[in-house]
Amino acid sequence: MRKFLYKHHKLTVALVHILALLCAALGFVLAIIASPTEELNTEGTVFLFGGIILALFIELGANLISPFKYGMQLLGRLGKLSRGRKSFSLGEKISTEGKLEEISRRLEEKGYAPKIAKAHDGFVGRWCRVSAVIGERNVESYSSFSLNFYLYKAENLDTGVWESIKGDLSERLGCDREEQRDKKGRVGIVNSVCVLCDFADSWVIEQARKTLSVKLGDTLTLTGIRLCVGIPKNDIYYLSTERELDSNSRTNKSLETVALAVFGVGVGRLNKLGNGYTDEYIAELERAYESSLSSLAAVAREKSESDRQQEEKQWREDPVSSLKEGEMLRRGDAIYCLCDGILADSFIMLPKDALESFEEEDFGDIEDMLGELDEESEPYEAESDEPAPTVPKDYRGKIVLSISDYGLTLPKGKLKKLSKEQRARVFAETREYLLSCGFESVYFYNEKKKTIDET
């Protein structure tokens, strides 16, 4: 039974919802039967609300109560991974040039306009169109999407050629982004990439089996880009087809563009063109077969408790956690102090760096920032060494001080907003500390007015 439920994960999730719906419907029917008149009597009311409560219990219990919630989480992962395939094929072999013409024609028929760009060895072209948000808007509240499709070709797509293509792509994405970017963040810029070749290195194929991230600068890395590597003469294509829950996420829109341009189908039909489930899906399915709900819950609780204890231990060992009122601790460019039991942090910077920071920087969309966190996040580690400061340790000239709006309450570590008076006090005390350290003068970083103030 367990194997059947996990293998047919979509059906299992649907059965949970159907069972909840049946309970609500049964309560409604029994309420009508128990109340022969038009008015609902006491017994009918009990049946009606009993059915609704039971339906809510099933829905909430399946997703919030241990051990059922861990089973639902596993079903969700299986549902996402089941969309992936090791490779895709269209049932016909075609030359690279023939496929290039096919993609170009299909995109232009769907309203994508070809954009002229500087030539690069292997770059075929870029197609772009603006698409309105359909259905419920996502967390970014985009009003429209700017869809971009970049097409390259190569004979032998080895690691060196791929790095060259990625370098060229980075430059193009940066330039094209500046043209399309809306300062209010209402336009979601969606990028998709396809490389057609006669032979692809195994390492490059692995890159195509996951979403692509392209670094454009120190503050911006574009994430969630779908990359398709195709070998038309062999009728084989490689692509990550796992979808996010939010249908209007940029990575889902990127997948839709690739599905249309390369395969001429909607996203829902891609798995019909696929060959074999991915290794990740098979491994997750086998783990589901071998694990009971109780064991899943036990492992999750054990890991959660272990992580909590480790974080508490590292926090206790961190000197910041033992600060007392009036004490200061400098760590790199950050300075910590305790204000009314709130751990407040402030940052010092050179005047020229402060002025440059007022210039608008491109940090990407929320999806880019979250994508970077997912890729680069590591377990918390107490900092035994100070991070390399931007302000040299022996510098004692003019300095600019920026005060954070929020701090952590000690010892529980809850985030709390500092009042205007508390921020002023933190600035005054930190300023005196910096002056006592020998700095020539300390200025206040006024982010709202984009000025550097003397007080």
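Residues numbered from 1 in each chain as written. Predicted model: local features only at pLDDT ≥ 70, side-chain atom pairs only at ≥ 80, totals over all residues. Heavy atoms only, no water.

**Concerning the pattern of salt bridges**
Counted by the stated rule, this structure contains 26 salt bridges. One salt bridge connects Glu102 with Arg106, and the closest N-O pair in it is separated by 2.9 Å. With Glu102 and Arg106 both in helix 5 (residues 96-109) and 4 residues apart, this pair spans about one turn of that helix. Each member of the pair, Glu102 as well as Arg106, carries the same accessibility label: buried. Of the charged contacts, one joins Lys313 and Glu317 as a salt bridge, the two residues approaching to 2.9 Å between their closest N and O atoms. Of this pair, Lys313 and Glu317 both sit in helix 10 (residues 293-317), 4 residues apart, roughly one helical turn. Taking the relative accessible area as the measure of exposure, Glu317 reaches 52% and is therefore exposed. It is possible to trace a salt-bridge network through shared partners that takes in Arg250, Asp365, Glu367 and Asp368. (Salt bridge = Lys/Arg side-chain N within 4 Å of Asp/Glu carboxyl O. Helix = DSSP H or I, 4+ residues; strand = E, 2+ residues; numbered from the N terminus. Buried < 20%, exposed > 50% of the residue type's maximum accessible area, 1.4 Å probe, protein only.)

**Focus on the confidence of the model for the protein**
One rule of thumb: low pLDDT means the predicted coordinates there are not for detailed reading. Put simply, the protein has an average pLDDT of 88, and 94% of its residues get 70 or more. Across the protein, the secondary-structure element scoring lowest on mean pLDDT is helix 12 (residues 366-376), at 67, and the one scoring highest is strand 8 (residues 236-238), at 97. The model gives residues 376-385 a pLDDT under 50, and that stretch makes 7 contacts with residues more than four places away or in other chains. (pLDDT = per-residue confidence, 0-100. Contact = heavy atoms within 4.5 Å.)

**Points about unusual backbone geometry**
Backbone torsion omega between Ser66 and Pro67 reads 5°, so that peptide bond is classified as cis. Mapped onto the fold, Pro67 is located in the loop between helix 3 (42-64) and helix 4 (68-81). Its identity as a non-glycine residue notwithstanding, Asp235 has a phi of 55°, on the positive side. Following the sequence through the fold, Asp235 ends up in the loop between strand 7 (221-231) and strand 8. Phi is positive for Asp340, which is not a glycine, with a value near 55°. Position of Asp340 relative to the elements: it lies in the loop between strand 11 (334-339) and strand 12 (342-349). We classify Asp340 as partly exposed; its relative accessible area is 46%.

**Things to note about the environment of Ser87**
By secondary structure assignment, the location of Ser87 is in strand 1 (residues 85-88). Along the sequence, Ser87 and Gln310 sit 223 residues apart, while their C-alpha atoms lie 41 Å from each other. When sequence neighbours within four positions are dropped, the list of residues in contact with Ser87 reads Ile236, Tyr237, Tyr238, Leu273, Gly274 and Asn275.

**A look at the side chain of Ser146**
Tracing the backbone shows Ser146 in strand 4 (residues 144-157). Only 2.2 Å separates the side chain of Ser146 from the side chain of Gln180, close enough to count as a polar contact. Apart from the residues lying within four places of it in its own chain, the contact partners of Ser146 are Cys128, Arg129, Gln180, Val187, Gly188, Ile189 and Val190. (Polar contact = N/O pair within 3.5 Å; in protein donor to acceptor, adjacent residues only side chain to side chain.)

**Brief notes about the packing of helix 2 (residues 9-34) against helix 4**
For the pair helix 2 and helix 4, the least separation of the axes is 9 Å and the interaxial angle reads 135°. The orientation of helix 2 relative to helix 4 falls into the category oblique. In the crossing of helix 2 with helix 4, the sense of the turn from one axis to the other is left-handed. Facing His9, Thr12, Val13 and Val16 of helix 2, the residues of helix 4 in contact are Met72, Leu75, Leu78 and Gly79. A breakdown of the residues in the contact of helix 2 with helix 4 according to their chemical character gives 5 nonpolar, 3 polar and no charged. (Axes fitted to C-alpha atoms, helices over the stretch in contact; angles between N-to-C directions. Parallel < 35°, antiparallel > 145°, perpendicular 65-115°, else oblique. Left-handed = near helix turned anticlockwise from the far one by under 90°. Nonpolar A, V, L, I, M, F, W, Y, C, P; charged D, E, K, R; others polar.)

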